[in-house]
Amino acid sequence: MLYLGLIALVTLVANSVTRLRAVAVAFVAITFVASLIASAAATASQVAVTAVAGLASAGILFVAAGDGSYGEDPGWRLWLGTFTAAIVTPLAYASFRTIAGEPASLPLVQDGSGVVVEVAGTWLLSSGVAIMLTARSAVRVSLAALVMVTGVQLLARLAPEPRLAISLALAWLEVVVALGGAFLIVNERAVRDA
Amino acid sequence: MTVAAPAVLLAVAACVAFALRKRVAGVARLSLGAIGLAFIAVSVTPPDTTARLLDLDLRASDLGRLAGLVLLATIGMLVLDVFLDEPAYNFFPSALLAGAVALAVLVVSSPIVILALLLIGLLVPVGTFTYQVHRNRSVEAAIRHFSFVVLGGSLGLGSLCVAASLPKDQPAITVVLLVVLLFVAFAFLLAAIPFHTHAALLAGEAPASALALHFGVLVPVTFIAFAEILAASGLLPAIVQVNKVQDLLLGIGLTSALGGALLAAGANDLRRLVVYAVISNLGSALVGIATLSGPGIIGGIATAIVTGACATQQLLAAGTLERRAAGERPNVTHAPLAAGAFIAGGIAMIGAPPLVTFPGHFFVDLIAYALSGFAGSALVAAAILLLIAQLRAGVRLFAGSPEEWRIEPRPVAGALGAVILVVLLAGGIAPDPFLRPIAAFADEFLKALRPL
């Protein structure tokens, strides 16, 4: 329960900041909380792979910013993204709650049944979709892509074998998404500055 | 490790090529050498060889071997064309990495890993889509492509993760939701209509060689990955039981086949025509998969593979014609051999006999008629529209005076187009080596459909 509050808070922060470097720092927080949540359902090596990929991605975005002033103001889009995630997450959980096949409790810290992993993954995925659909530039497109991939990484914790291969593939995907996003941010800025 | 060796070789070569990318000639030769070695390695790997890498099972299937060889040959031709005709330093690492990912997708057994690798492959060409950023909208096109790929891919991965974690005997609504998400995800990745706007923008703004890498290599891999994921995800038995899901895939396929053909018929430039023709053919191929029958699956996958080769042939020719036209409307007088290659690619794209593109279209049309008269008629209408579109483009291309035709000085696209035509013709005369591996996969697909 506590982790769900934290993931919602850091997503809101990442969604609301206007500077790309602040987005990168906020994404570090998302990675940190997602790793905490994932640690209940994955081994230390799998969590480490995902966390390192998240940190590398945040670093790539930070460098791509060039300076502290570049970014995109979300404006009203912030609330659209937040409310969409708030509506979609309970709907998705209600549809797929049969994962465990039995009623799950929602403890304050520990997550033995995987329900926190599932809800947090769905939250990040739906937040990312909403941010992506309302993005106007490569800055928020990149943030949305990284948030979605982080959500997928959490959902993948529930999948059976091959868990290490899935962790590695998704970690590489996250880094490639960050590199692609950074490339687009740099090129878009070049066009705007011209 | 022999199963993974070709993909690893290309991945290492991509890293080296990226480090040395400014030395265009050297990197091009390195790329061609790596692709040649990977081609040999794939050819000599016996079918059904298995391996285990970390906790992941790998298998060299008949279809993987066939598709791997076709795709490597296509990438080799693209690299040769870029090297000789249109030097672009950022193309070679992208092409090598796309090849590595394509080969990896074809040997991996886990659906989630297949889709994750596929997404990496689809994101790699973003670097080749952007060019002359101050003079065109290529950055906007690349951003839209990036968005659609990540959006579709994340939805697909999410649905696969949830599907993998569900216990058996789920309510029908749960299965329907997951499968709908997966289908929509692949509709995004395949640019099926109405999820095609990123492809439309790319067609107008990205370089022809980058478009050929995407539509000639990565889109066919995406289609094969879709079929492999369906077969390996365990969702097929549930799909058979819920007719609505099968109808959804059929609907997406028919809309894409007809819509793509209509857009192709109205396309004003060569590259858009090719891209819409690919979308239309992949729509037909989706109809083949949606029939969940042996001939439909064989026809669908055969259509997807050869459509990639035809798209490469036509896009390279279109690129050469546009470059030689230097702003004017492309005409046969600018590059007669490239124009000939474009026409030959058009004939192959519509599935005309005796080329190897014919059996795939024939199987899908036949099984679509068996399923419903409307579906069969719609596919035939799409084929006629594509024929009209290609004829229209041909008439426009050959509207010049015959006396002015001179063979272009460096006819790379024309020569490569001739090679592709000969291969398509040879495959049409003796289609067994091409269709048999696809039939083996169709057999596995049907076993996954009805495991008992």
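Cut-offs applied
Residues numbered from 1 in each chain as written. Chains lettered and ligands numbered in written order. Predicted model: local features only at pLDDT ≥ 70, side-chain atom pairs only at ≥ 80, totals over all residues. Helix = DSSP H or I, 4+ residues; strand = E, 2+ residues; numbered from the N terminus. Rg over C-alpha atoms; globule rule 2.2 N^0.38 Å. Buried ≥ 20, exposed ≤ 12 C-beta atoms within 10 Å, placed from the backbone. Contact = placed C-beta atoms within 7 Å. Nonpolar A, V, L, I, M, F, W, Y, C, P; charged D, E, K, R; others polar. Axes fitted to C-alpha atoms, helices over the stretch in contact; angles between N-to-C directions. Parallel < 35°, antiparallel > 145°, perpendicular 65-115°, else oblique. Left-handed = near helix turned anticlockwise from the far one by under 90°. pLDDT = per-residue confidence, 0-100. Expected span 1.5 Å × (residues − 1). Pairing = 2+ DSSP bridges.

### As for the overall build of chain A
Point 1. Looking only at helices and strands, chain A features seven helices and zero strands.
Point 2. Element order for chain A, N to C, with α for helix and β for strand: α-α-α-α-α-α-α.
Point 3. In terms of C-alpha radius of gyration, chain A reaches 16 Å, essentially the compact-globule figure of 16 Å for 194 residues.
Point 4. If you line up chain A on its principal axes, its C-alpha atoms span 60 × 35 × 25 Å.
Point 5. Scored against the burial criterion, the 194 residues of chain A give a buried share of 56%.
Point 6. Sequence-distant contacts in chain A: of pairs separated by 6 or more residues, those separated by 24 or more amount to 78%.

### Description of the overall build of chain B
Point 1. A tally of regular secondary structure across chain B gives 19 helices and two strands.
Point 2. A compact globule built from 452 residues should have a C-alpha radius of gyration of about 22 Å, and chain B, at 21 Å, falls within 12% of that.
Point 3. Taking the principal axes of its C-alpha atoms as reference, chain B extends roughly 70 × 50 × 45 Å.
Point 4. Expressed as a percentage of contacts within chain B between residues at least 6 apart in sequence, the contacts between residues at least 24 apart total 80%.

### Focus: the environment of Leu211 of chain B
All names here are of chain B.
Point 1. You can see Leu211 is positioned in helix α10 (residues 208-233).
Point 2. Separated by 101 residues in sequence, Leu211 and Thr312 have C-alpha atoms that sit 8.4 Å apart.
Point 3. Beyond its immediate sequence surroundings of up to four residues, Leu211 is in contact with Leu202, Ala203, Ala206, Arg271 and Leu315.

### Quick look at the interface of chain B and chain A
Point 1. On the side of chain A, 41 residues touch chain B, which itself brings 36 residues to the contact.
Point 2. Of all the elements in the fold, those that place two or more residues in the side of chain B that touches chain A are α5 (111-123), α6 (126-129), α7 (138-165) and α8 (172-189) of chain B.
Point 3. Of all the elements, α7 of chain B adds the most residues to the side of chain B that touches chain A, at 14 residues.
Point 4. Among the residues forming the side of chain B that touches chain A, the class breakdown is 25 nonpolar, 10 polar and one charged.

### Focus: the packing of helix α2 (residues 24-44) of chain B against helix α3 (residues 62-85) of chain B
Residues and elements named next belong to chain B.
Point 1. One can describe the packing of α2 onto α3 by two numbers: an axis separation of 10 Å at closest approach and a directional angle of 165°. Relative to α3, the element α2 is oriented roughly antiparallel. You can see that α2 and α3 cross each other, and the crossing is left-handed. Only Arg65, Gly68, Leu69, Leu72, Ala73, Ile75, Gly76, Val79, Leu80 and Phe83 of α3 make contact with α2, whose side of the interface consists of Ala28, Ser31, Leu32, Ile35, Ala38, Phe39, Val42 and Ser43.

### Focus: the confidence of the model for chain B
Residue and element names in this part refer to chain B.
Point 1. Per-chain confidence: chain B averages 91 in pLDDT, with 98% of residues scoring 70 or above.
Point 2. For chain B, per-element mean pLDDT is lowest for helix α11 (residues 236-241), which scores 80, and highest for α5, which scores 96.
Point 3. Overall fold confidence (pTM) sits at 0.94, and the ipTM for the predicted complex is 0.93.

### A short note on unusual backbone geometry
Residue and element names in this part refer to chain B.
Point 1. Following Ile193, the chain continues to Pro194 via a peptide bond in cis, the omega torsion being 10°.
Point 2. Note the cis peptide between Pro353 and Pro354, where omega equals 5°.
Point 3. Of note, the phi angle at Asp48 is positive, near 70°, even though the residue is not glycine.
Point 4. Relative to the helices and strands, Asp48 resides in the loop between α2 and β1 (49-53).
Point 5. Of note, Leu54 is a non-glycine position whose phi angle comes to about 55°, a positive value.
Point 6. Within the secondary structure, Leu54 is located in the loop between β1 and β2 (56-60).

### Thoughts on the packing of helix α14 (residues 294-325) of chain B against helix α19 (residues 432-449) of chain B
All names here are of chain B.
Point 1. At their nearest, the axes of α14 and α19 sit 9 Å apart, and the two run at 130° to each other. It follows from the interaxial angle that α14 and α19 lie oblique. Relative to α19, the crossing made by α14 is right-handed. Contacts between α14 and α19 involve Gly294, Ile297, Ile298, Ile301 and Ala302 from the first element and Leu435, Ile438, Ala439, Phe441, Ala442, Phe445 and Leu446 from the second.
Point 2. Here the residues of the contact of α14 with α19 are counted per class, giving 11 nonpolar, one polar and no charged.

### Description of helix α1 (residues 2-16) of chain A
Point 1. Given a rise of 1.5 Å per residue, 15 residues ought to cover 21 Å, and the 21 Å separating the end C-alpha atoms of α1 of chain A matches this to within 8%.
Point 2. By the burial criterion, the buried members of α1 of chain A are Tyr3, Ile7, Ala8, Val10, Thr11, Ala14 and Asn15 of chain A.

### Quick notes on the pairing of β2 of chain B
Residues and elements named next belong to chain B.
Point 1. Side-chain alternation along β2 places Leu56, Leu58 and Ala60 on a buried face and Asp57 and Arg59 on a face that remains uncovered.
Point 2. The pairing of β1 with β2 spans five bridges and is classified as antiparallel. Looking across to β2, one finds that Arg52 is bridged to Asp57.
Point 3. The antiparallel pairing of β1 with β2 creates a hairpin that spans two residues between the two strands, and Leu54 there sits at a positive phi of about 55°.

### Notes on helix α5 (residues 115-134) of chain A
Note on helix geometry: an α-helix contains 3.6 residues per turn, so any two residues three or four positions apart are oriented the same way.
Point 1. Over its 20 residues, α5 of chain A extends 29 Å from the first C-alpha to the last, a length consistent with the 28 Å expected when each residue adds 1.5 Å.
Point 2. Where burial is concerned, most of α5 of chain A is hidden: 18 out of the 20 residues are buried.

### What about the environment of Leu286 of chain B?
Residue and element names in this part refer to chain B.
Point 1. Looking at where Leu286 falls in the secondary structure, it is placed in helix α13 (residues 270-290).
Point 2. We classify Leu286 as buried; it has 31 C-beta atoms within 10 Å.
Point 3. Ignoring sequence-local partners within four residues, the contact set of Leu286 consists of Ala192, Leu249, Ile252, Gly253, Ser256 and Gly300.

### So, the environment of Asp365 of chain B
Residues and elements named next belong to chain B.
Point 1. Here Asp365 lies in helix α16 (residues 357-371).
Point 2. The sequence separation of Asp365 and Gly376 amounts to 11 residues, and the corresponding C-alpha distance is 5.6 Å.
Point 3. Asp365 has contacts with Gly376, Leu379 and Val380, leaving out every residue within four places of it along the chain.

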